[in-house]
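Architecture and fold: a report
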Amino acid sequence: MRRADRASRVVLATALALAPMVQAQAQADGASSAPSAMAALGPEQREALQRRHDAWRALPEALRREQREAWQAWQALPEDERARMRAAREAWRALPVAEQQALRARFDALDAGLRRGWLLGPTLGADWPRLHALFAQVPPDEREVLLAALRALPAQARADLGVLAQRTPPDARDALRRELLAQPAADRATWLRRRVDP
Amino acid sequence: MNDPSAAQAALSAFLRGVERRGAVFAEWQGGDAEVGDVALAASLRGFGEVAAEVPFAEWPRRFWAMLLAAPGLRGAPPGRGAGAPGAAPAHLARLGSGPRAALLLRLVAGLAEAEAAAVLGIGRPSYRLALQRALPHRDDGQPDPEAWRAMSEAAQAALRGLPGERLERIARLRDGRRPKPRPVAPTSNAPARPRWPWPASWAVVLLTGLALAATWWWPWPSAPDDASVPRIQTQALPPAAPPAGRYDPALALQTDRDLELLLAQARGETDAIGDPAFDAWLVHALEDTSDAEPVALPPTLDLDEAVPEQFDAPR
């Protein structure tokens, strides 16, 4: 329990780092599509969109932010992770109501920062408490590449990287990240294993 | 002079000898008898304190220099009370402070030329020149012996005619006692204090009181008794002109940061999203319902080291 508390603290501290990362990726995906989508709308659809916009603006800012983050996080996830999440949700829906509520209560009891860490998806969400140190100073244009590389790593390699991230002083983390990305994708797990346990 | 009582007696004798001359000198040099007396008393007291350290031969020079240095004797022109018995001759009023001192050191203090020059701190030739300039002259530039004699006689008369009570007053001033107030001279030209401020003040107080009372009892125009007439008159404003421009809702939509999300909602793409954080957590929670912690942390990891990372978070 104590360890979980510490992990919560770490994740809470890095929640700020997480949001712009997810957001930047989502914006990169769809930045150019909005004007063309607007132009393709007919007058009635445009009117409906206008009404939807008015209703959206009427929502409280906290609610809007929640929906925005959920959508941006979803946009950033690869399809296989989306599929795992959809399957988990279906399984959860199939459970008895009491068990559904128990699971929901366990999630809601997590620290807010820890909950936000799960926005990175099932793969990186679990590793986020240990990997956040590598993300803290990543330039925006490198984040997408790094997220993709991290998702592609096997679980043991992510655990190794988490250990390395904690061992490496802050001023050397840039170099570690660049070295990792410089490795061929297939060799990264081995390279990490060697770095952790020479 | 080693005997203290003898020294004290010599000092008293010296001071008695110079006090009359000092009184006339200070009055004529400073132009005011009262100021002169105060300056003389201070000099007498000050000289008494330093006399023991000064050789006897130096006493006159030291005393007159001390008196001349008194603040009250600097620069004020003589002439107040001119014409009265014992008053300064009118000629002195035309002289500057320095030449007047040169003249008075000779005429009233009765010092020799060398001592007078030493009192002024100048050489004898300079003193002689100053004295020559200070002496009365006739219109053709020649010295006027008669005027000089008249001044000399006036000085002698002033020295002789100095009233005894004035010397007592100087003695009291010297000893630090409060002097008796001098009788107000009928010829005093001090401006009489105006008598009108007090009655005027009382008149203002009275008028203010009356004005205050009038605010209660003055017959103000009473409000209309008719209750149907509102006390506050109102008038409707003219209808507002149409604004020059409005914020275009279409523009607001196009520039909204959530336009992408709204378009996705309109296309129904957001229905499947649900709660991504919960769903991602569910993946792990359902795989291992006994432990919500997805991966056991390696034992070498000290998470406390990572806490400062919050300060590295990008903005």
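The shown structure was predicted, so the numbers you read here are calculated from the model rather than taken from an experiment. (Residues numbered from 1 in each chain as written. Chains lettered and ligands numbered in written order. Predicted model: local features only at pLDDT ≥ 70, side-chain atom pairs only at ≥ 80, totals over all residues.)

A few points about the overall build of chain A
Selection criterion: Runs of E in the DSSP output that reach at least two residues are strands. Runs of H or I that reach at least four are helices, and both are numbered from the N terminus. Residues with at least 20 other C-beta atoms within 10 Å of their own are called buried, those with 12 or fewer are called exposed, and the rest are partly exposed. The C-beta atoms themselves are positioned from the backbone. Here, residues touch in the contact sense if the C-beta positions derived from the backbone fall within 7 Å of one another.
Helices and strands together make up the secondary structure of chain A, namely twelve helices and zero strands. Counting from the amino terminus, chain A carries its helices and strands in the arrangement α-α-α-α-α-α-α-α-α-α-α-α. Scored against the burial criterion, the 198 residues of chain A give a buried share of 33%. In chain A, once contacts between residues fewer than 6 apart in sequence are set aside, the share between residues at least 24 apart is 83%.

Topic: the overall build of chain B
A tally of regular secondary structure across chain B gives 13 helices and zero strands. Taken from the N to the C terminus, the helices and strands of chain B come in the order α-α-α-α-α-α-α-α-α-α-α-α-α. Counting the 315 residues in chain B, one finds 26% classified as buried. Across chain B, every contact between residues at least 6 apart in sequence was considered, and the portion connecting residues at least 24 apart equals 61%.

Let's talk about helix H2 (residues 33-50) of chain B
Residue and element names in this part refer to chain B. Going by this rule: How far a helix is expected to stretch is found by multiplying one less than its residue total by 1.5 Å.
Compared with the 26 Å implied by 1.5 Å per residue over 18 residues, the 25 Å span of H2 between its first and last C-alpha is a close match. Every buried residue belonging to H2 is among Ala33, Gly36, Asp37, Val38, Ala39, Leu40, Ala41, Ser43, Leu44 and Phe47, and all of these are buried. Those residues of H2 hidden inside the fold are in contact with helix H1 (4-30), helix H3 (59-68) and helix H9 (164-175).

Concerning the packing of helix H3 (residues 43-58) of chain A against helix H12 (residues 259-267) of chain B
Note the threshold: Note on definitions: angles span 0 to 180 degrees between N-to-C directions of axes, and those axes are lines fitted to C-alpha atoms, for helices only across the stretch in contact. To sort the angles, those under 35 degrees are grouped as roughly parallel, those over 145 as roughly antiparallel, those from 65 to 115 as roughly perpendicular, and the leftovers as oblique. Left-handed describes a crossing whose near helix is turned anticlockwise from the far helix by less than a right angle; the clockwise case is right-handed. Under the scheme applied, nonpolar residues are Ala, Val, Leu, Ile, Met, Phe, Trp, Tyr, Cys and Pro; charged residues are Asp, Glu, Lys and Arg; polar residues are all the others, including Gly.
Where H3 of chain A meets H12 of chain B, the closest approach of the two axes is 10 Å, and the angle between their N-to-C directions is 120°. Of the possible angle classes, the one that applies to H3 of chain A and H12 of chain B is oblique. For H3 of chain A against H12 of chain B, the interelement crossing comes out right-handed. Judged by residue contacts, Ala48, Leu49, Arg52, His53 and Trp56 of chain A of H3 of chain A engage Leu262, Gln265 and Ala266 of chain B from H12 of chain B. Looking at the contact of H3 of chain A with H12 of chain B residue by residue, the classes come out as five nonpolar, two polar and one charged.

Section: the environment of Arg178 of chain A
Looking at the element boundaries, Arg178 of chain A is found in helix H11 (residues 170-182). As for Arg178 of chain A and Glu142 of chain A, which are separated by 36 residues in sequence, their C-alpha atoms are 9.8 Å apart.

So, the packing of helix H5 (residues 97-107) of chain B against helix H6 (residues 113-120) of chain B
Residue and element names in this part refer to chain B. At their nearest, the axes of H5 and H6 sit 10 Å apart, and the two run at 140° to each other. Relative to H6, the element H5 lies oblique. In the crossing of H5 with H6, the sense of the turn from one axis to the other is right-handed. On H6, the residues that touch Ala101, Ala102, Leu105 and Arg106 of H5 are Ala116, Val119 and Leu120.

Observations regarding the nonpolar core
Threshold: One nonpolar core equals one set of buried Ala, Val, Leu, Ile, Met, Phe, Trp, Tyr and Cys residues connected by C-beta atoms within 7 Å.
With 45 residues, the main nonpolar core has Phe25, Leu40, Leu67, Ala102, Leu104, Leu105 and Val108 of chain B as its most contacted residues. Those elements giving two or more residues to this core turn out to be H1, H2, H3, H5, H6, helix H7 (124-134), helix H8 (145-160) and H9 of chain B. Of all hydrophobic cores here, the second largest spans 30 residues; its members include Trp74, Met85, Phe135 and Leu150 of chain A.

Concerning the confidence of the model for chain A
Residue and element names in this part refer to chain A. Test applied: Known as pLDDT, the predictor's confidence for each residue is given on a scale from 0 to 100.
Put simply, chain A has an average pLDDT of 80, and 82% of its residues get 70 or more. Considering each helix and strand of chain A separately, the mean pLDDT is smallest for helix H1 (residues 2-30), with a value of 47, and largest for helix H6 (residues 97-108), with 92. Low pLDDT (under 50) marks residues 7-17, which in the prediction has 37 contacts with non-local residues, meaning those over four places away or in another chain. Here residues 19-32 scores under 50 on pLDDT; set against residues more than four positions off or in separate chains, the count is 22 contacts.

Observations regarding the environment of Arg45 of chain B
Position of Arg45 of chain B relative to the elements: it lies in helix H2. Taking the C-alpha atoms as reference, Arg45 of chain B lies 7.4 Å from Asp175 of chain B; in sequence the two are 130 residues apart.

Topic: the confidence of the model for chain B
Residue and element names in this part refer to chain B. Scored by pLDDT, chain B comes out at a mean of 78, with 79% of its residues at no less than 70. Put simply, helix H4 (residues 90-93) is where chain B has its lowest mean pLDDT, 78, and helix H10 (residues 197-217) is where it has its highest, 93. In this model residues 290-315 is a low-confidence stretch, pLDDT under 50, and it forms 44 contacts with partners more than four residues away in sequence or in other chains. With pTM at 0.41, the complex prediction returns an ipTM value of 0.76.

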